[in-house]
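# A closer look at the structure
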Amino acid sequence: MANKKNKVKFNLRNAHYAMLSVAEDGKVSYGKPVPMPGSVSISLDANGEPENFYADGTAYYVINNNMGYDGDLELAMIPESFRTDALGERLDGKGVLVENAEVELSPFALLFEFDGDQRHIRHVLYNCSASRPGIEGKTNEESREVQTETLTIKATPLPGGMVKAKTGDATDAAAYEGWYAAVYLPAAADGAESAGGTAAATASVYGGSGGEDGV
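Conventions adopted
Residues numbered from 1 in each chain as written. Predicted model: local features only at pLDDT ≥ 70, side-chain atom pairs only at ≥ 80, totals over all residues. Heavy atoms only, no water. Helix = DSSP H or I, 4+ residues; strand = E, 2+ residues; numbered from the N terminus. Buried < 20%, exposed > 50% of the residue type's maximum accessible area, 1.4 Å probe, protein only. Contact = heavy atoms within 4.5 Å. Areas by Shrake-Rupley, 256 points an atom, 1.4 Å probe, with all protein chains shown as cover. Patch = residues over 30% accessible without salt bridge, like charges linked within 9 Å, V, L, I, M, F, W, Y side chains within 5 Å. Salt bridge = Lys/Arg side-chain N within 4 Å of Asp/Glu carboxyl O. Phe/Tyr/Trp six-rings, centres within 6.5 Å; stacked < 30°, edge-to-face > 60°. Lys NZ or Arg CZ within 6 Å of the ring centre and 35° of its normal. Pairing = 2+ DSSP bridges. pLDDT = per-residue confidence, 0-100. Polar contact = N/O pair within 3.5 Å; in protein donor to acceptor, adjacent residues only side chain to side chain.

Another point: the overall build of the protein. The secondary structure content of the protein amounts to four helices and 13 strands. Residues counted as buried form 32% of the 215 residues belonging to the protein. Residue pairs at least 24 apart in sequence account for 68% of intrachain contacts in the protein once pairs closer than 6 positions are excluded. Accessible surface, the protein: about 12900 Å² in total, of which carbon and sulfur atoms supply 49%.

Side chains of Phe-53, Tyr-60, Tyr-61 and Ile-63 sit close together on the surface and give an oily, nonpolar patch of about 450 Å² of accessible area. The greatest single-element share of the nonpolar patch, amounting to three residues, is contributed by strand β6 (residues 58-63). Mapped onto the elements of the fold, Ile-63 is located in strand β6.

In this structure the tally under the stated criterion is six aromatic pairs. Summarising the aromatic geometry, the rings of Phe-82 and Phe-108 are spaced 5.1 Å apart at their centres and angled 85° between planes, so their arrangement reads as edge-to-face. In this pair, Phe-82 sits in helix α1 (residues 80-85) while Phe-108 sits in strand β10 (residues 108-116), placing the two residues 26 residues apart along the sequence. The exposure class of Phe-82 is buried, given its relative accessible area of 0%. Above the ring of Phe-114, the side-chain terminus of Lys-9 is found at 4.6 Å from the ring centroid. One Lys or Arg, Arg-119, reaches over the ring of Tyr-176 and ends 5.8 Å from the middle of that ring.

The element β10 is largely enclosed, with a buried count of nine among its nine residues. Along β10, one buried face is formed by Phe-108, Leu-110, Phe-112, Phe-114 and Gly-116 and the opposite face, lined by Ala-109, Leu-111, Glu-113 and Asp-115, is buried too. In this sheet, β10 lies alongside strand β1 (residues 9-22) in antiparallel orientation, the contact comprising eight bridges. Bridge pairing in β10 places Lys-9 opposite Gly-116. In the sheet, β10 pairs with strand β11 (residues 121-130) via six bridges, with the strands oriented antiparallel. Paired with Glu-113 across the two strands is Arg-122, which belongs to β11. Counting the residues that bridge the hairpin from β10 to β11 gives four residues.

As a further point, take the side chain of His-123. Among the structural elements, His-123 can be located in strand β11. On the basis of relative accessibility, which here comes to 12%, the residue His-123 falls in the buried class. Not counting the four nearest positions on each side in its chain, His-123 is found in contact with Leu-110, Leu-111, Phe-112, Phe-114, Ala-165, Lys-166 and Trp-179.

Summing up the model confidence of the protein, the mean pLDDT is 84 and the portion of residues at 70 or higher is 85%. Summarising per-element confidence for the protein, the mean pLDDT is lowest in helix α4 (residues 199-205) (31) and highest in strand β3 (residues 34-35) (98). Here residues 191-215 is a poorly scored stretch, pLDDT under 50, and it has 42 contacts once near neighbours within four places are set aside; other chains count.

A pair can form between side chains of opposite charge whenever their charged atoms are brought close. What the rule picks out here adds up to eight salt bridges. Two residues, Arg-132 and Glu-99, come together in a salt bridge whose shortest N-O distance is 2.9 Å. Here the residue Arg-132 occupies a position in the loop between β11 and β12 (149-155), and Glu-99 occupies one in the loop between β9 (97-98) and β10, the gap between them amounting to 33 residues. Between Lys-138 and Glu-145 there is a salt bridge; the shortest N-O distance is 3.1 Å. Among the charged side chains, a salt-bridge network with shared partners connects Arg-13, Glu-113, Asp-115 and Arg-122.

For Glu-149, the position within the fold is in strand β12. Look past the residues within four positions of Glu-149 in its chain and what remains in contact with it is Leu-73, Glu-74, Leu-75, Ala-76, Met-77, Ile-78 and Arg-83. There is a polar contact of 2.8 Å between the side chain of Glu-149 and the backbone nitrogen of Ile-78.

Here's what the structure looks like:
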């Protein structure tokens, strides 16, 4: 895989979410990634610009001000599971989704990928929240037009600073193939390697092989 380098990327696909839990001691854990079928588009802008600290008449130090990303994820339809898990909607005994103003939103990791000319480029944003989607639609005219739904996403740093990760030219095969089996955490990988872990041990850290395509 290390010799296969993409020249271009295209086609958003394979969006997933994984619910995030942060313990009182700051330890981060995630649930199993859940598919969000029907990805249409994603547009996330970087939030936060570097700031200069001036001394001795010059820009003495550049302050990193990485506040994550803000933007939109457009889907054919927002999955019911995401509405209940992340948006706090409640499914009552008759199967009706109920929205309550007093319920808080829940954080999650967002996983997705782009096709490339050689292999897919897989991403994870570690600490996301989504605002409630609007309600929009229109009548059919001469032809039917699909009405999509959009989530406004805010991705902020985790305690400790991690914002996102993505696969690269030399990504380990087990980490690449297991991207959607469990959320990739660099600390877990480093720990396995420093303990003399093999590729098999690394795969177990991420829940084993779970890639749909094995490109």
